[in-house]
Amino acid sequence: MLIYIIRRLFYAIPILLGVNLLTFTLFFVVNSPDDMAVSQLGAKYVTPEAIHSWKEKNGYDRPLFYNPDAAGSDALTETIFFSKSLRLFAFDFGRSESGRDITTDISTRMWPSLAVAVPSFVVGIWVNICVALLVVMFHATRLDRWIVFVFVAMMSISYLFYIIGGQYLVAKTWRLVPISGFHAQGQFWKFLILPVLVGVVAGIGAGARWYRTLFLEEANQDYVRTARAKGASEIRILFRHILPNALIPILTGIVVLIPSLFMGGLLIESFFGIPGLGSYMLDAIKSQDFAIVRSMVFIGSILYIIGLILTDISYTWADPRLRLD
Amino acid sequence: MKPLLLWSDLLIYVLVLMLCLFFLRLRSDPQTREHWRRVFSTRLGMVTFTLILVYVGIALLDSLHFRRALEPVAGTQSSERFYDNQVTSALDVMLGGMGERFERTYSSPFALISFAKENMKDENGALYRDFPQLEHAGRHLSAPAERWTDVLKKSITALIWGLLISAVLVGMQWAFLRRSSLPWYASWLTQTTVICLAVWLVLISPYYHVLGTDRGGADVAYQSIKGVRTAVLLGTLATLIMLPIAVTLGVMAGYFKGRVDDVVQYLYTTMSSIPGILLIAASVLLFQVYIDLHPDFFSTGMEKADARFIALCFILGVTSWSSLCRLIRGETLKISQLEFVQAAHAFGVSHSRIVTRHILPNVVHIILITFVLDFSSLVLAEAVLSYIGVGIDPAMGSWGNMINSARSELSREPVVWWTLSGAFFFMFVLVLAANLFADLVRDAFDPRTGSRVATA
Amino acid sequence: MMARPNVLMQVQDLRVKGLETGGTILNGVSFELKAGEIFALVGESGSGKSVTSLAAMRLLPAALAITGGEVRVAGLDLFELPEADMQTVRGERVAMIFQNAMSALNPVQTVGEQVAETLRLHTSQRGSALRQQVLQLFAEVGIKSPNERYSFYPHQLSGGQQQRVLIAMALACEPNILIADEPTTALDVTIQQQVLALIKGLTRSRQLAVLLITHDMSVVRNTADEVAVMYRGEIIEQAAVDAFFRNPKEAYSRRLIEALPNLADFHSAFEGEALLELDDVKVHFPVRKGILQRISDYVRAVDGVSLSIGRGETYALVGESGSGKSTLGRAILNLDRISAGSITFQGVSIHSLNRRALLPYRKKIQVIFQNPFSSMNPRLTLREIIYEGVDSLMNLSGIEREQRITVLLDRVQLGAEFSQRYPHELSGGQLQRVAIARALAVEPELIICDEPTSALDVSIRAEVLELLQELQSEFGVSYLFITHDLSIVPGLAHRVGVMQSGRLVEQGTAEEILTRPQHPYTQALLASVPRVDAAESTDSTGE
């Protein structure tokens, strides 16, 4: 097990390197350091000297990948790629192009993100499983077909409408909670109710439908027939036999989603004005702050890889047939 | 008039051609035909497919672009003709200038007066504030009170025309298809409904704004219809761009295994470990920078918007190949273990022939299922991306842009609900039809569900 | 009919229909089960024997429906009971065991728990008493060290052990009726024998009434007391086992019995030049371990096999699953690389040739696989399937090519009209004929037959084997016949090799191996071949 985890972590290094290389190349293919200087300085102040000094100050005056002037290993290290991207491996995110410290930003903005994402995630899964179990009990009836239709209809509604509808009904018409905003102190939960609710409701269609399929797939297995032949009741079969087996595919689906907890709230955060990582990202994209984008992509990838490893580990917990080595 | 072929127009027509060829080829394979039969033997399949075809038809009509010749300005002597900078499509012509009747700002559906008060002068020149009359709505009425009877009258005329047209169209189909065992009547019913609605819209829109107007005074119904092309094109083109990458890499990895497999797995793990939305956002923004730096590449605003649109399709395609690639790799691994592939090896059949004869035809169902499933999720993604500001260029109509521009309107008093409703309705019908259809296709083509039906 | 005291279950005029197709699946099936006796229901796939058992327990899949008849257990008509009462009947009065034990057991629950669940459902036993009861059951069905096995998951047990767990689970509440649906089909022959003996023993000791569903006549012969033959949803013949085998009434029953091996008839030993020679062939697959995935060990699938096959000879390679016999076949076909040794065909060593140099030998060595359905690409017509090798390996003129398919399809008794059909339109037996035609199309000298009949029903099996032998005498082709079933070897093979865990433990002429086996493993294999006495079966055919 331990060996397995170590191996997976080693395997993560080339992947993260690839991720960095990709974002780096992508960015510099269309946007040379000169262009960056122009957009950061503002068109008014563009002189060759100003560009040069900006590049020097921000460390963009070196070659991209390979420095022919430097000797030995410095040929690889004295480059923009090495200095800007590889430092991320030491979790040294450096400063944003506008001079803010990215590490501090991320650590303060992490909490509001989690405060929204964790409850919607947990409640969402719980609600979906409950709804799906309920539906499975009505399997192969007319009601079942209509419920599935409703699920598909719910899936077909854009996320944006859930947010807009939620804000309009709950916050504006019924005036139950504030429309948007966030305070770290006091009654901060008031600001959380609506985002969480919207997140959960928007996910029911796809989630419950998916779990229903998983349950039904298990219900067709031979061991369910064995359980029936034993004389077990349908409810007992559902909870004691189908649910534990369906947990295996459910887990894979869930654990991979965990990293998106940090990022997933992109829309919710910007609609509800929550100062989390999602809106941080969005602002960075809008102001073309490469340093922040780079750091966030890096963090996102690390979380994804951790998610994958966690999935494998949780597999062994849910499925006795698997042993990792 | 000067025809104008946008890149996306070209792509969509190539796409339609390819799909037609693809379906013709499929006809020769009885198993595939049986699967399609299963899809279309349900009423739901017929209805949803008809709806999808309607959307595709609108998108195709909206892809026949041209620039109108401008009337020569009086007094100038010039043999050279000038063309409008505005790009028009065949659909615009069919809608009878619906997109050209602008008001000054918001107005509610079927309204005669504007939504906001304005300063106006009466005959005596005295200043007062009131709701101004709309310029393109209800001008033919002698009194505002006649409005609803007028609407009713026009609707009945439209309904009669609609029924007549549908009777002709359905009659023609009936003559050909009456012996078919498939539930065509469901499709005919849908067609009749759609035709009646379309005729009604075209007949009544010169007199009223059926779905009101937005902040800029543009007709909401028209904008919603223009969003169709964007959605349909994005949904198909992005998948189409992704297919060759995913299929080639997936089949290679699954068939050759070993080092090739390692490299492909590395590639898709790397791709999928980057949060998709970040990658898309970053790419689109960078492309926008590129467009902005080279403004002279494009002669009209539409072309610029189109370039960004194509880029968006590419980016969505390039960033989303990993999941299909993984599926195809797995399936290829499974198939290449099967005995008929082993037998082919024992016959010394070449690799390329094994791949084209044995592997590819047996993964086509995965490609097809992915294609229809991805379609609806791409349409939904477009709205979200446009909202974030990394989607469609605002010059090109799209539901995402409509939602984006309308999201603050719900906080107005009274509520401006029609822009959102227009976008919602058109988008919901398309996505719902596509989702339901995708379900049917998956049930028919997925060997797992198929065998379950067979053994039960 | 009056219930006699020892009749525990009565099935009367049971009828089942398919809901979607409307087809009749069961058409008035009646029989009764008596205490202490095993009643065997025999039939080929699709005859409705499994449906009978599921219908009796009201466990039919949703696509099938019971349309008539009654099932009486202890005076109750099971079809009249509410579902809640039915649940007490299942497991408490009537228990079932199924074919594939691995999938019939819940993979994420320990086997002890699964047996305990039956007791929990029907008795008030809890706690350590419950556990004791389970351990006792485990001991009774012959699971060694039950205390340890209690907390094992199904995948940690062997196939035979899993089947024993299923039996323990079925017997937990001391039901007096047991329905066993092909309980030994998925098991290796040696294990099969033990499980059948266990069921037989339990029937006597617990005075169970057993319904044994099987397709295997030898199982019936050795286990059952009474037998009923099912064909297309009806019982066409029913008799006591001895009488049945001595004098079957229906032609169909006779065909089933004749498919049993006849251990008196052997091919004479073969003399001739060697076509294929294997010398100390090894196929090892690496096992990778550790952080760097270094090769730590090898799976020795084939571990030093030497044999030779002469022109026109049939060499039967016999072994249980996992013995490496199929891997050896793949190695000869060059589908798996060999790690050591040499494979020589007509004096040329072929194991190290590259793809191109191998082509002439591809033509000479062909293969027929076990599963006829997966050995044909479902998207090609039979014509395209048969031409695949011809087009790749031979240069034929258009006319020759056209003639060939007609001749071939005719030769395998299918007829030229099949050439435009697709595989799914054919039955398993027909497809296996196509596979033979496909191999023959390139005029091979050696055909590797990898379990070509084990996926087929017994009556078809005999026809396919017969066809193979005819073709051998006609074209002088050699066979390497890979099989787990010793019973088809006499009358087919000239020589036999017995494989066990990658090694050839014994080889010799068919007569030597089958009548005077030397190696203990061969003896065990042979002992477990459930057979009808040669004398008796010749009796029945003689009539």
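Residues numbered from 1 in each chain as written. Chains lettered and ligands numbered in written order. Predicted model: local features only at pLDDT ≥ 70, side-chain atom pairs only at ≥ 80, totals over all residues. Heavy atoms only, no water.

## A word on the overall build of chain B
Counting secondary structure elements, chain B contains 16 helices and five strands. Taken along its principal axes, the extent of the C-alpha atoms in chain B is 100 × 60 × 55 Å. Per-residue burial over chain B gives 53% buried out of 456 residues. Considering only intrachain contacts with a sequence separation of at least 6, the fraction spanning at least 24 residues in chain B is 74%. Treating the 38 positive side-chain charges of chain B as one cloud and the 35 negative ones as another, the clouds have centres 8 Å apart. (Helix = DSSP H or I, 4+ residues; strand = E, 2+ residues; numbered from the N terminus. Buried < 20%, exposed > 50% of the residue type's maximum accessible area, 1.4 Å probe, protein only. Contact = heavy atoms within 4.5 Å. Lys, Arg positive; Asp, Glu negative; His and termini not counted. Charge placed at Lys NZ, Arg CZ, Asp CG, Glu CD.)

## Focus: the interface of chain C and chain B
Across the boundary between the two partners, chain C contributes 30 residues, which contact 24 residues of chain B. Carbon and sulfur atoms supply 53% of the area buried between chain C and chain B, which totals about 2500 Å² over both sides. Contact with chain B buries area across many residues of chain C, yet R355, R379 and E388 of chain C alone supply 28% of it, more than any other trio. Across the chain C-chain B interface, the total number found is one salt bridge. Between R357 of chain B and E388 of chain C there is a salt bridge; the shortest N-O distance is 3.9 Å. Connecting chain C to chain B are 15 residue pairs in polar contact (both at pLDDT 80 or more). Only α13 (355-364), β16 (365-368) and α14 (382-393) of chain C provide two or more residues apiece to the side of chain C that touches chain B. Here the side of chain C that touches chain B is composed, by residue class, of 13 nonpolar, nine polar and eight charged. (Buried area = accessible area lost by both parts, 1.4 Å probe. Salt bridge = Lys/Arg side-chain N within 4 Å of Asp/Glu carboxyl O. Polar contact = N/O pair within 3.5 Å; in protein donor to acceptor, adjacent residues only side chain to side chain. Nonpolar A, V, L, I, M, F, W, Y, C, P; charged D, E, K, R; others polar.)

## Here we look at the packing of aromatic side chains
Tallying each qualifying case throughout the model produces 18 aromatic pairs over all chains. Geometrically, the ring pair formed by Y255 of chain B and F256 of chain B is edge-to-face, given 5.0 Å between the ring centres and 85° between the ring planes. Look at F256 of chain B and you get partly exposed, because its relative accessible area is 43%. Relative to F39 of chain C, the ring of F31 of chain C has its centre 5.1 Å away and its plane inclined at 15°; by these criteria the two rings are stacked. The two residues F31 of chain C and F39 of chain C agree in class, both being buried. Ring pairing ties together the aromatic residues W36, F40, F49, F437 and F445 of chain B, which thus form one cluster. Just above the ring of F245 of chain C sits the side chain of R221 of chain C; from NZ or CZ to the centre is 5.1 Å. Above the plane of the ring of F418 of chain C lies R421 of chain C, whose end atom (NZ or CZ) is 4.5 Å from the centre. (Phe/Tyr/Trp six-rings, centres within 6.5 Å; stacked < 30°, edge-to-face > 60°. Lys NZ or Arg CZ within 6 Å of the ring centre and 35° of its normal.)

## Notes on helix α6 (residues 102-137) of chain A
Compared with an ideal rise of 1.5 Å per residue, which puts 36 residues at 52 Å, α6 of chain A spans 51 Å between its outermost C-alpha atoms and is within 8% of the ideal. Helix geometry: α6 of chain A is bent most strongly at L114 of chain A, by close to 30°. (Expected span 1.5 Å × (residues − 1). Bend = angle between axes of the 7 residues up to and from the residue.)

## Here we look at the sheet that holds strand β9 (residues 226-231) of chain C
Residues and elements named next belong to chain C. In space, the six strands of this open sheet follow the order β6-β7-β8-β3-β9-β10, with mixed pairing throughout. The open sheet is flanked by β6 (94-97) and β10 (234-240), the only strands paired with a single partner. Within this sheet the neighbouring strands show an average axis-to-axis angle of 20°, counted without direction. Alignment of β9 against β10, held across six bridges, turns out to be antiparallel. Paired with V227 across the bridge in β10 is A239. In the packing of helix α8 (residues 189-206) onto the sheet, the strands contacted are β3 (37-42), β6 and β8 (209-214), and the crossing angle to β3 comes to about 135°. (Pairing = 2+ DSSP bridges. Axes fitted to C-alpha atoms, helices over the stretch in contact; angles between N-to-C directions.)

## A short note on the pattern of salt bridges
Between side chains of opposite charge, a pair can form as their charged atoms come close. All names here are of chain C. Using the criterion set out here, one finds 38 salt bridges over all chains in the structure. With its nearest N and O atoms 3.6 Å apart, the salt bridge here joins D242 to R221. Taken together, the residues span a long stretch of sequence, with D242 in helix α10 (residues 241-246) and R221 in helix α9 (residues 217-223) at a distance of 21 residues. Among the residues examined, D242 registers a relative accessible area of 42% and is labelled partly exposed. Residue class for R221 comes out buried when judged on its relative accessible area of 15%.

## Here's the deal with the confidence of the model for chain B
Note that predicted coordinates carrying low pLDDT should not be read in detail. With 95% of its residues at a pLDDT of at least 70, chain B reaches an overall mean of 83. In this model residues 450-456 of chain B is a low-confidence stretch, pLDDT under 50, and it forms six contacts with partners more than four residues away in sequence or in other chains. (pLDDT = per-residue confidence, 0-100.)

## Considerations on the packing of helix α9 (residues 276-293) of chain B against helix α10 (residues 301-319) of chain B
Residue and element names in this part refer to chain B. Packing of α9 against α10 brings their axes to within 10 Å, and their N-to-C directions diverge by 150°. Relative to α10, α9 is oriented roughly antiparallel. Crossing of α9 over α10 shows right-handed handedness. Contacts between α9 and α10 involve L279, I280, S283, V284, F287, Q288 and I291 on the former and, on the latter, K304, A307, R308, A311, L312, I315, L316 and T319. (Parallel < 35°, antiparallel > 145°, perpendicular 65-115°, else oblique. Left-handed = near helix turned anticlockwise from the far one by under 90°.)

## Examining empty space enclosed by the protein
The probe, sized like a water molecule, is rolled over the atoms to show the empty space still left. Applying the stated rule across the entire model yields eight cavities of 30 Å³ or more. Of the pockets and cavities examined, the largest cavity occupies roughly 80 Å³. Along its surface, the largest cavity is lined by F27, A284, I285, Q288, D289, F290 and V293 of chain A together with A282, L285 and L286 of chain B. Looking at the lining of the largest cavity, the elements with two or more residues in it are α14 (277-286) and α15 (290-318) of chain A together with α9 of chain B. Top element by residues in the lining of the largest cavity is α9 of chain B. It accounts for three residues. When its residues are assigned to classes, the lining of the largest cavity shows eight nonpolar, one polar and one charged. (1 Å grid on protein atoms, 1.4 Å probe; cavity = no way out; pocket = protein on both sides within 12 Å on 5 of 7 lines; lining within 4 Å. Points joined across faces, edges and corners; volume = space filled by probe spheres on them.)

## A few points about the packing of helix α4 (residues 111-122) of chain C against helix α5 (residues 127-140) of chain C
Residues and elements named next belong to chain C. Relative orientation of the contacting elements α4 and α5 amounts to 115°, with a least axis distance of 9 Å. Comparing their axes, α5 and α4 come out roughly perpendicular. Crossing geometry of α4 relative to α5 is assigned as right-handed. The segment α4 lies against α5, with V111, G112, V115, A116, L119 and R120 engaging L130, Q133, V134, L137 and F138. Looking at side-chain class alone, the contact of α4 with α5 contains eight nonpolar, two polar and one charged residues.

## Details of α5 of chain C
Residue and element names in this part refer to chain C. Its 14 residues give α5 an end-to-end C-alpha distance of 20 Å, which sits within 8% of 20 Å, the value for a rise of 1.5 Å per residue. Of the positions making up α5, those classed as buried are L130, V134, L135, L137 and F138. Seen from one end, α5 has its buried residues packed into an arc of 160°, which puts them on one side. Those residues of α5 that are exposed and aimed more than 90 degrees away from the buried face are S128 and Q136. Elements in contact with the buried residues of α5: α4, α6 (146-149), α7 (159-171) and α8. Phi turns positive one or two residues past the end of α5, at G142, with a value near 85°. (Arc of directions from axis to C-beta.)

## Overview of the nonpolar core
Counting 178 residues, the largest nonpolar core has W36, W399 and V441 of chain B as its most contacted members. Excluding residues that lie within four positions of it along the chain, W399 of chain B makes contacts with Y55, S224, G227, V228, A231, V379, E382, A423, F426, M427 and L430 of chain B. (Core = buried A, V, L, I, M, F, W, Y, C linked by side-chain atoms within 4.5 Å.)

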